[in-house]
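Okay, here's what each chain looks like letter by letter:
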Amino acid sequence: ATPTSIMVGTGRAAELGVLFRKGQALQTLRNTKVVALDKTGTLTKGKPELTDLQVMPDFDEDETLALIAAVEQHSEHPIAEAIVAAAKARELTLATPEDFQALSGLGVSAQVSGKKVAVGADRYLTQLGYDLAAFSNTAQQLGTEGKSPLYAAIDGKLAAIIAVADPIKEGTPEAINALHALGLKVAMITGDNRHTAQAIARQLGIDEVEAEVMPDGKVAALQRLRKQHGPVAFVGDGINDAPALAEADVGLAIGTGTDIAIEAAEVVLMGGDLRAVPNALAISQATLTNIR
Ligand code: ADP
Ligand code: MG
């Protein structure tokens with residue numbers, strides 16, 4: 001492409017809310033075969049709500065939620081905000097946690113009112129030695145509904161299964177259809193539960209799912225997609241998306257996302273709307289066609 005055609009292309013993109021920080025990305029984007037997207041905060045609003053809470057027979061619902069929420073007060077994960085908000089809606093009093101620990105991609109734990117409390121993904125509680133079989137039917141059902149199941153243990157006993165659901169962003173279904181119309185494969189990369197991720201992918205018509213990916217595993221997931229399909233664009237918003245944004249052939253950051261993600265990306269989508277992604281691709285395709 002000539003410098004002029006790139007200028008015209010990036011100018012048109014800017015009008016549509018797509019900021020190319022490097023003109024080069026307009027050319028790379030054209031060769032992209034697969035668009036991989038982070039789930040939470042990218043495909044979804046990133047504002048989950050607590051939808052379900054089921055306790056084991058020996059546990060009281062409010063007491064359990066109060067203990068879980070007490071731990072989550074110290075976490076910055078969107079899931080934590082959902083749990084704390086639910087406890088506050090029930091007007092529960094939250095104690096101050098001690099020895100708080102957050103394990104990225106797994107969950108959190110702390111000492112609350114003299115009790116040891118752990119909350120997180122199935123793999124986290126399994127790692128801690130808990131048998132989750134009592135909740136396996138419930139978890140399966142929640143996953144099918146596109147909800148993310150989490151587990152809590154209190155003082156060495158499995159106490160509860162909870163679920164959070166994160167609404168899909170308004171422009172997401174249309175964006176995915178448009179990417180397909182442009183001839184691209186669409187993939188989702190998420191740390192979330194496999195069943196949940198697959199249910200959401202099915203609902204959106206997403207072709208490939210990389211689920212239960214640990215924060216440091218997003219780069220490897222991207223490399224697998226590249227090997228299978230060719231050059232890959234990655235769209236993300238979070239701190240732990242930065243390495244994948246840098247690794248991708250083109251990294252596109254959600255402008256309303258974290259600064260660290262924006263820094264790592266070549267393209268910034270000014271709003272949160274994913275329809276900007278097919279718009280950017282369409283412009284990249286049109287720009288280089290023009291100068292042939
Ligand atoms: P994602 O942003 O895709 O959810 P993360 O790596 O942030 O990926 O988290 C992966 C999983 O780890 C979550 O889906 C959840 O099951 C668990 N998790 C992480 N942080 C917390 C937390 N504060 N409370 C409960 N579970 C958590
Ligand atoms: Mg995210």
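Residues numbered from 1 in each chain as written. Chains lettered and ligands numbered in written order. Predicted model: local features only at pLDDT ≥ 70, side-chain atom pairs only at ≥ 80, totals over all residues.

Visitor: Would you take a moment to explain the nonpolar core for this structure?
Guide: When a protein is soluble and globular, its nonpolar side chains tend to lie buried together. If you look at the biggest cluster of nonpolar residues, it comprises 54 residues, and the most contacted ones within it are Val35, Ala36 and Val277. No other element matches helix α13 (residues 276–290), which puts 5 residues into this core. If we ignore the near neighbours within four places in the chain, the residues touching Val277 are Val35, Ala175, Leu179, Val235, Leu252 and Leu269. Listed in part, the 38 residues of the second largest apolar core include Ala69, Leu142, Ile154 and Leu158. (Core = buried A, V, L, I, M, F, W, Y, C linked by C-beta atoms within 7 Å. Buried ≥ 20, exposed ≤ 12 C-beta atoms within 10 Å, placed from the backbone. Helix = DSSP H or I, 4+ residues; strand = E, 2+ residues; numbered from the N terminus. Contact = placed C-beta atoms within 7 Å.)

Visitor: Can you walk me through the packing of helix α4 (residues 61–72) against helix α5 (residues 78–89) in this structure?
Guide: Two packed helices can be described by the angle between their axes and the distance between those axes. Following both chains from N to C, one finds α4 and α5 inclined at 135°, their axes separated by 9 Å at the closest point. In terms of axis orientation, α4 runs oblique to α5. The chirality of how α4 crosses α5 is left-handed. Where α4 approaches α5, its residues Leu65, Ala66, Ile68, Ala69 and Glu72 are matched on the opposing element by Ala80, Ile83, Val84, Ala86 and Ala87. (Axes fitted to C-alpha atoms, helices over the stretch in contact; angles between N-to-C directions. Parallel < 35°, antiparallel > 145°, perpendicular 65-115°, else oblique. Left-handed = near helix turned anticlockwise from the far one by under 90°.)

Visitor: I tried to follow the site of ligand 1 on my own but got confused; where do I start?
Guide: Surveying the vicinity of ligand 1 reveals 20 residues, the closest of which are Ser75, His77, Gly105, Ala121 and Gly191. Those elements that provide at least two residues to the shell around ligand 1 are α3 (39–43), α5, β5 (107–112), β6 (115–120) and β7 (148–154). Looking at the shell around ligand 1, you find at least three residues from each of domain 1 (3–45 + 168–290) and domain 2 (49–165). (Near = placed C-beta within 6 Å. Domains from an automatic or database assignment.)

Visitor: Whenever I open this one, the sheet that holds strand β2 (residues 34–38) confuses me. Can you help?
Guide: By way of backbone hydrogen bonds, the strands of a sheet pair with one another, either parallel or antiparallel. Read across the sheet, 7 strands follow the order β1-β13-β12-β11-β2-β9-β10 without closing on themselves; strand pairing throughout is mixed. This sheet does not close on itself; its edge strands, each paired only once, are β1 (18–20) and β10 (208–210). Direction aside, neighbouring strands of the sheet carry axes that sit 20° apart on average. Here 5 bridges tie β2 to strand β9 (residues 185–189), and the two strands are oriented parallel to one another. Among the inter-strand pairings, Ala36 is bridged to a residue of β9, identified as Ala187. Sheet strands touched by helix α10 (residues 218–229): β2, β9, β10 and β11 (232–236). Its angle to β11, the strand with the most contacts, is close to 145°. (Pairing = 2+ DSSP bridges.)

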